[in-house]
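Listed below are the residues making up each chain.
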Number of protein chains: 2
Amino acid sequence: MSFNKVVIFGVGLIGGSFALALKKAGAVAQVVGVDRIHDSLLRAKELGIIDQAATSIADAVQGADLVLIAAPVAQTPAILASIKPHLQPGTIVTDAGSTKSDVVAAAREVLGDLVAQFVPAHPIAGRETNGPDAALVDLYAGKKAVITALKENSAEDVARVATAWRLCGAIIHHLTPAEHDQVFAAVSHLPHLLAYALVDDIARKPHADRLFQYAASGFRDFTRIAGSSPEMWRDISLANRDAMLLELDAYTAKLAVLREHLAASEGPAIEAIYANAQRARHSWISAIEAAEKQNKEGGD
Amino acid sequence: MSFNKVVIFGVGLIGGSFALALKKAGAVAQVVGVDRIHDSLLRAKELGIIDQAATSIADAVQGADLVLIAAPVAQTPAILASIKPHLQPGTIVTDAGSTKSDVVAAAREVLGDLVAQFVPAHPIAGRETNGPDAALVDLYAGKKAVITALKENSAEDVARVATAWRLCGAIIHHLTPAEHDQVFAAVSHLPHLLAYALVDDIARKPHADRLFQYAASGFRDFTRIAGSSPEMWRDISLANRDAMLLELDAYTAKLAVLREHLAASEGPAIEAIYANAQRARHSWISAIEAAEKQNKEGGD
């Protein structure tokens, strides 16, 4: 048994899938759930995600090997503060937040010297649905889990967190918090903002009904991420504000260039940008598919 | 037999799928193909898309009931000019171009009084692959085909074109060319430009490799349309330039508003935009799914 007692703060999609995967791997004796929504705890117990709903934070954290914070990222400081008075030396705390610099800053402030026991991480997986019912035992299978270890962390604690995610089927990557936030601002956070902006723009036009009537599969895929939780993405946007502003400004500058080419009917310049994008995306998809093939062949 | 002789200019995805569907419906006696790429004609014949490769435009158009122009939209004027000297009174010409105002203007200029025989249309279906091998017999099943009839067209000719697309499984809609172009600038042409712009932006960054390494399924869906043909989308962008500039400017203004909210960390304002987009998209998806269900239940 890898873990005796695991505590999950937030028993929804992310925390619930983590618990289900550890249980399926036979890697945990007991999972205790904490959630601000009482019905979610009841449902998580019904679904076999948790063995027990916590009666208090003190009881929950008492004797735990591992605490996973899988609540909306803005709640992380308050959760860390609630854990701190009960945190014993043998317990590792980790999180699953989509941003890392803000979480690390909050953890340092709240935990002080105990920050050594906090190993920040981010599993790169999700769905558009939330709550315990959205949890999937294989949500993390073949997906990346990024650990942004702190200099205060012991190598052993970092390895324990990596083991937990590997047991869920994830592939471990290491980045600094700043690297992490810069990367995900570009490939995840900005695209979410762009998709939300497009749907909001169209929905507010007087002829919105006609526009949606003719929107087809390309629009559906382009805007899929605009189906995500507004609360969660508001928090991510605020938490990773500086990196997102840099990416948004670079993107807006690119749009300004394209607008100039379009206004001047400069076909070759427009085609050059479109063709470079198509080539880059094609190389990326080919690389993903090769990696997926290798993972399957190299799997257990 | 609905059609005795159908001529397809461009025997790739769009034209090839049209021919396959008409043949499957037993609605055409003979399909003749014209293509600037000789190998495409040979391949289309091998695949049973066409019965015969045209030896000349004159021979091809001679005695045709219906001519479909399914080549890149920039080639439409030249194709119309090549057809005109051979166009007989009983022949209807239609097209499958993604833009309509420019095609109609070109048709009026090239065809003169014969424009009455040209019924412009646009089937709303596609894939990221091109050429005869990409053609699918059911590409149009359940999809919309928009006819942007001209005041010069006879009701009978418009009905014949509608019949052809219905035989392919499509659902017929009617818009004016200007309405069509405004709608598709918003829900298709602009999203393509935005997706191309994002991938190009990322691909040109010094740390592009790392960024692509961490891009996941959300990025993949958001950028799927950036895998489309750069030549085709350059032509569409130029052909529908004015409507696209209007949509791009509205979108850029929306991004500027979001940027201000983000820079000022205005969480409620950001969430309001995200939530409105999520709601609108959810209603749209629900409406699509209800319509799909109805089509299935009402179908044969």
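If you're wondering where the values come from, they're calculated on a predicted model, not measured in any experiment. (Residues numbered from 1 in each chain as written. Chains lettered and ligands numbered in written order. Predicted model: local features only at pLDDT ≥ 70, side-chain atom pairs only at ≥ 80, totals over all residues. Heavy atoms only, no water.)

Examining the sheet that holds strand β6 (residues 118–119) of chain A
All names here are of chain A.
At step 1: Read from one edge of the open sheet, six strands run β3-β2-β1-β4-β5-β6, paired in parallel fashion. Only two strands of the sheet have a single partner each, and these edge strands are β3 (52–53) and β6.
At step 2: Across two bridges, the pairing between strand β2 (residues 28–34) and β3 is parallel. Each residue of the ladder has a partner; that of Gly33, found in β3, is Ala53. (Pairing = 2+ DSSP bridges. Helix = DSSP H or I, 4+ residues; strand = E, 2+ residues; numbered from the N terminus.)

Points about the pattern of salt bridges
At step 1: Summed over the entire model, instances satisfying the criterion amount to 36 salt bridges over all chains.
At step 2: Residue Glu247(A) pairs with Lys205(B) through a salt bridge whose shortest N-O separation is 2.9 Å. In this pair, Glu247(A) is assigned in helix α11 (residues 241–263) and Lys205(B) in the loop between α7 (177–203) and α8 (208–214), connecting two distinct chains.
At step 3: Glu46(B) is the salt-bridge partner of Arg43(B), the closest N and O atoms lying 2.6 Å from each other. A residue pair is termed a helical-turn pair when its members lie 3 or 4 positions apart in one helix, as Arg43(B) and Glu46(B) do in helix α2 (residues 38–46) at three residues.
At step 4: Residue class for Arg43(B) comes out partly exposed when judged on its relative accessible area of 30%.
At step 5: Through salt bridges with shared partners, a single network forms among Arg43(A), Glu46(A) and Asp133(A). (Salt bridge = Lys/Arg side-chain N within 4 Å of Asp/Glu carboxyl O. Buried < 20%, exposed > 50% of the residue type's maximum accessible area, 1.4 Å probe, protein only.)

Comments concerning the domain arrangement of chain A
All names here are of chain A.
At step 1: With domains assigned, chain A is organised as domain 1 (3–175) and domain 2 (180–264).
At step 2: Taken together, the contact pairs 16 residues of domain 1 with 15 residues of domain 2.
At step 3: Summing both sides of the interface, domain 1 and domain 2 together bury roughly 1,200 Å²; the carbon and sulfur share of this comes to 60%.
At step 4: Interface area lost by domain 1 to domain 2 is led by Ser98, Thr99 and Glu128, which between them contribute 41%.
At step 5: Linking domain 1 to domain 2 there are one salt bridge.
At step 6: For Arg36, the salt bridge is made with Glu231, and the minimal N-O distance between the two is 3.6 Å.
At step 7: For the pair domain 1 and domain 2, the interface holds four residue pairs in polar contact (both at pLDDT 80 or more).
At step 8: Split into classes, the residues belonging to the side of domain 1 that touches domain 2 amount to six nonpolar, six polar and four charged. (Domains from an automatic or database assignment. Contact = heavy atoms within 4.5 Å. Buried area = accessible area lost by both parts, 1.4 Å probe. Polar contact = N/O pair within 3.5 Å; in protein donor to acceptor, adjacent residues only side chain to side chain. Nonpolar A, V, L, I, M, F, W, Y, C, P; charged D, E, K, R; others polar.)

Quick word on the environment of Val119(B)
Residues and elements named next belong to chain B.
At step 1: Relative to the assigned elements, Val119 resides in strand β6 (residues 118–119).
At step 2: With 40 residues separating them in the primary sequence, Val119 and Ala159 have C-alpha atoms 9.9 Å apart.
At step 3: Residues contacting Val119, with those up to four places away along its chain left out, are Ile92, Val93, Thr94, Asp95, Ile147, Asn153, Asp157, Val158 and Val161.

Digging into the relation of the copies chain B and chain A
At step 1: Here chain B sits on chain A after a turn of 180 degrees about the axis and a move of 0.0 Å along it, with an RMSD of 0.0 Å. Taken together, the rotation angle and the small translation identify this as a two-fold axis. In terms of proximity to the rotation axis, the leading residue of chain B is Phe222(B), whose C-alpha is 2.0 Å off the axis.
At step 2: When you check the interface residues of chain B against chain A, 100% turn up at the interface there too, and the contact is symmetric in its surfaces. (Least-squares fit on C-alpha atoms with pLDDT ≥ 70 in both.)

Here's the deal with unusual backbone geometry
At step 1: The backbone of Ser265(A) shows a phi angle near 50 degrees, a positive value even though the residue is not glycine.
At step 2: Here Ser265(A) is to be found in the loop between α11 and α12 (267–298).

Overview of the packing of helix α4 (residues 76–83) of chain B against helix α5 (residues 101–111) of chain B
Residue and element names in this part refer to chain B.
At step 1: Direction vectors running N to C along α4 and α5 enclose 30 degrees, while the axes themselves pass 9 Å from each other. Relative to α5, the element α4 is oriented roughly parallel. Between α4 and α5 lies a crossing whose hand is right-handed. Within the contact between the two elements, α4 uses Thr76, Pro77, Leu80 and Ala81 and α5 uses Val103, Ala106, Ala107, Val110 and Leu111.
At step 2: Grouping the amino acids of the contact of α4 with α5 by side-chain chemistry returns eight nonpolar, one polar and no charged. (Axes fitted to C-alpha atoms, helices over the stretch in contact; angles between N-to-C directions. Parallel < 35°, antiparallel > 145°, perpendicular 65-115°, else oblique. Left-handed = near helix turned anticlockwise from the far one by under 90°.)

As for the interface of chain B and chain A
At step 1: Across the contact, 87 residues belong to chain B and 87 residues belong to chain A.
At step 2: With both sides pooled, the region where chain B packs onto chain A buries about 8,300 Å², and carbon together with sulfur makes up 65% of that total.
At step 3: Considering only the side of chain B, the residues that lose the most area to chain A are Tyr214(B), Tyr274(B) and Trp284(B), jointly responsible for 10% of the buried surface there.
At step 4: The closest approach of N and O atoms between Lys254(A) and Asp200(B), which form a salt bridge, is 2.4 Å.
At step 5: Put simply, chain B and chain A have 34 residue pairs in polar contact (both at pLDDT 80 or more) between them.
At step 6: Counting only elements with at least two residues in the side of chain B that touches chain A, the list comes to β8 (144–147), α7, α8, α9 (217–222), α10 (230–239), α11 (241–263) and α12 (267–298) of chain B.
At step 7: If one sorts the elements of the side of chain B that touches chain A by residue count, α7(B) sits on top with 19 residues.

A word on the UniProt feature "domain: Prephenate/arogenate dehydrogenase" (unreviewed entry) in chain A
At step 1: UniProt annotation of "domain: Prephenate/arogenate dehydrogenase" (unreviewed entry) refers to residues 4–292 of chain A when read in the numbering used here.
At step 2: What you have in residues 4–292 of chain A is 54% helix and 12% strand, and the ends, taken at the C-alpha atoms, are 32 Å apart. (UniProt positions renumbered as here; feature names shortened; annotations may be inferred.)

Focus: the packing of α7(B) against α10(B)
Residues and elements named next belong to chain B.
At step 1: Taken N-terminus to C-terminus, the directions of α7 and α10 make an angle of 125 degrees; their axes are 11 Å apart at the nearest point. By the angle between their axes, α7 is oblique relative to α10. As for the relative orientation of α7 and α10, their crossing is left-handed in sense. The segment α7 lies against α10, with Ser188, His189, His192 and Tyr196 engaging Pro230, Trp233 and Ile236.
At step 2: When grouped by side-chain class, the residues that make up the contact of α7 with α10 number four nonpolar, three polar and no charged.

Focus on the pairing of strand β2 (residues 28–34) of chain B
Residues and elements named next belong to chain B.
At step 1: The buried count for β2 comes to five of seven residues, which makes it a mostly enclosed element.
At step 2: Across six bridges, strand β1 (residues 3–9) lies against β2 in parallel orientation. The residue of β2 that forms the bridge with Phe9 is Val34.
At step 3: For the crossover that starts at β1, traverses helix α1 (residues 13–24) and ends in the parallel β2, the hand is right-handed. (Right-handed = clockwise from strand over helix to strand, strands pointing away.)

Points about the nonpolar core
At step 1: With 88 residues, the main nonpolar core has Leu194(A) and Leu194(B) as its most contacted residues.
At step 2: Every residue in contact with Leu194(B), bar those within four places of it in the chain, is listed here: Leu198(A), Phe222(A), Tyr251(A), Leu255(A), Leu248(B) and Tyr251(B). (Core = buried A, V, L, I, M, F, W, Y, C linked by side-chain atoms within 4.5 Å.)

Let's talk about the sheet that holds strand β9 (residues 171–174) of chain A
All names here are of chain A.
At step 1: Strand order in this open sheet of three strands is β7-β8-β9, and the pairing throughout is mixed. The strands lining the two open edges of the sheet, one partner per strand, are β7 (121–123) and β9. Between one strand axis and the next, the sheet turns through 20 degrees on average, direction left out of account.
At step 2: Inspection of the sheet shows β7 paired to strand β8 (residues 144–147) by three bridges, in the antiparallel sense. Pairing of Ala121 across the sheet is with Ile147, part of β8.

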